[in-house]
Amino acid sequence: MQNITRIAVNPRMSGAVVYGGVVSLSGQVAIDHRGGPVADQVREVLTRIDDLLQEARSDRSRLLTATILLSDFAIMPEFNAAWDAWIVPGCTPTRTSMQVVLASPAYALEVVVTAATD
Amino acid sequence: MQNITRIAVNPRMSGAVVYGGVVSLSGQVAIDHRGGPVADQVREVLTRIDDLLQEARSDRSRLLTATILLSDFAIMPEFNAAWDAWIVPGCTPTRTSMQVVLASPAYALEVVVTAATD
Amino acid sequence: MQNITRIAVNPRMSGAVVYGGVVSLSGQVAIDHRGGPVADQVREVLTRIDDLLQEARSDRSRLLTATILLSDFAIMPEFNAAWDAWIVPGCTPTRTSMQVVLASPAYALEVVVTAATD
């Protein structure tokens, strides 16, 4: 039986779960910049992903999948500009994007990723 | 080549699929309580998850990820109350929640999980 | 450390990523039939999935999970007719379906799958 490692655990959810060589992250939102400019929200979301990946002994070069939830597709060009600068060339994950209603109208986006770990 | 085990198979989909130490469940809705009170729907959905996890030799303490689809975020507090009572402390999965249109307006929620198996 | 194999890589995303015996595909849309009849879009999406699975040394008989994003649930009967003819009996994946806003109103559907590989 393989081990499950849970990261940033609270009584309702974990920030990340590592199992079988894969780390899955909870959907990341811009808690500190909620209601703020899209650029700030995107930067915070990507930084939160970097931080959780690091805790899981992974990093953005080992991303496997990304699901991008937007409150409005109008922000996709701005998201993509930040994403393209952040992502490691040649190491791009799969992507699926959709517009949905997020937990709060103060959030412009939520990003869900999986990555390979040791 | 690893084996794939399919559970609750019908001509269109499987209720659960086990592969590589992970069981993935189809999105679970409250078939018996469709159109019923949210509390009843949540209870049925969580029971259906318990049952499928058991068939896959897993259980709610081994959850890896949960995606919570709500027809209206207004029911989130009621969902969370049931979730918090159901989940095993210290064994919380990742969570991603979003409001979408579900297959029928009679469904208040649909929950998709993955879990570790032997 | 297991290898990551990326397929149909561009600077923003990969069409598919293989890791740990599983191939994950990006959400597939009907690029050639955008704005076209639903039947044509469904056929193109399923063909794109077949092609990517083949590049990943997998095939539709080894599907694990499918997430079906529709721009309108009204097309579900038409989708299901094509799906039921395409899927391999006894080898059905898990399914989760939802109505969301897709990247373009010209797209009627987007399908995301995972499958087992060698």
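### Overview of the interface of chain C and chain B
Then, in step 1: In this assembly, 23 residues from chain C lie in contact with 25 residues from chain B.
Then, in step 2: Here the side of chain C that touches chain B gets 6 residues from one element, more than from any other, and that element is strand β5 (residues 94–99) of chain C.
Then, in step 3: Considering only residue class, the side of chain C that touches chain B consists of 9 nonpolar, 10 polar and 4 charged.

### A closer look at the interface of chain A and chain C
Then, in step 1: Taken residue by residue, the interface counts 23 residues in chain A and 24 residues in chain C.
Then, in step 2: Elements represented by at least two residues in the side of chain A that touches chain C include exactly β4 (63–70), α2 (76–86) and β5 (94–99) of chain A.

### Side note on the pairing of strand β1 (residues 5–9) of chain A
Residue and element names in this part refer to chain A.
Then, in step 1: Pairing analysis gives 4 bridges linking β1 to strand β2 (residues 14–19), with the strands arranged antiparallel. Counterpart to threonine 5 in the pairing with β2 is valine 18.
Then, in step 2: Counted along the chain from β1 to the antiparallel partner β2, the turn is 4 residues long.

### Topic: the environment of alanine 81 of chain A
All names here are of chain A.
Then, in step 1: As for its position among the elements, alanine 81 is in helix α2.
Then, in step 2: Owing to 12 C-beta atoms within 10 Å, alanine 81 belongs among the exposed residues under this scheme.
Then, in step 3: Remark: the alpha-carbon pair of alanine 81 and valine 111, spanning 30 residues in sequence, is separated by 15 Å.

### Describing the relation of the copies chain C and chain B
Then, in step 1: Superposition record for chain C on chain B: RMSD 0.0 Å, screw rotation 120°, translation along axis 0.0 Å. Taken together, the rotation and translation describe the operation of a three-fold axis. Identified as the residue of chain C closest to the rotation axis by C-alpha distance is valine 100 of chain C, at 3.5 Å.
Then, in step 2: Comparing interface residues between copies, only 9% of those in chain C also sit at the interface in chain B, which points to a heterologous contact through distinct surfaces.

Conventions we followed
- Residues numbered from 1 in each chain as written.
- Chains lettered and ligands numbered in written order.
- Predicted model: local features only at pLDDT ≥ 70, side-chain atom pairs only at ≥ 80, totals over all residues.
- Contact = placed C-beta atoms within 7 Å.
- Helix = DSSP H or I, 4+ residues; strand = E, 2+ residues; numbered from the N terminus.
- Nonpolar A, V, L, I, M, F, W, Y, C, P; charged D, E, K, R; others polar.
- Pairing = 2+ DSSP bridges.
- Buried ≥ 20, exposed ≤ 12 C-beta atoms within 10 Å, placed from the backbone.
- Least-squares fit on C-alpha atoms with pLDDT ≥ 70 in both.

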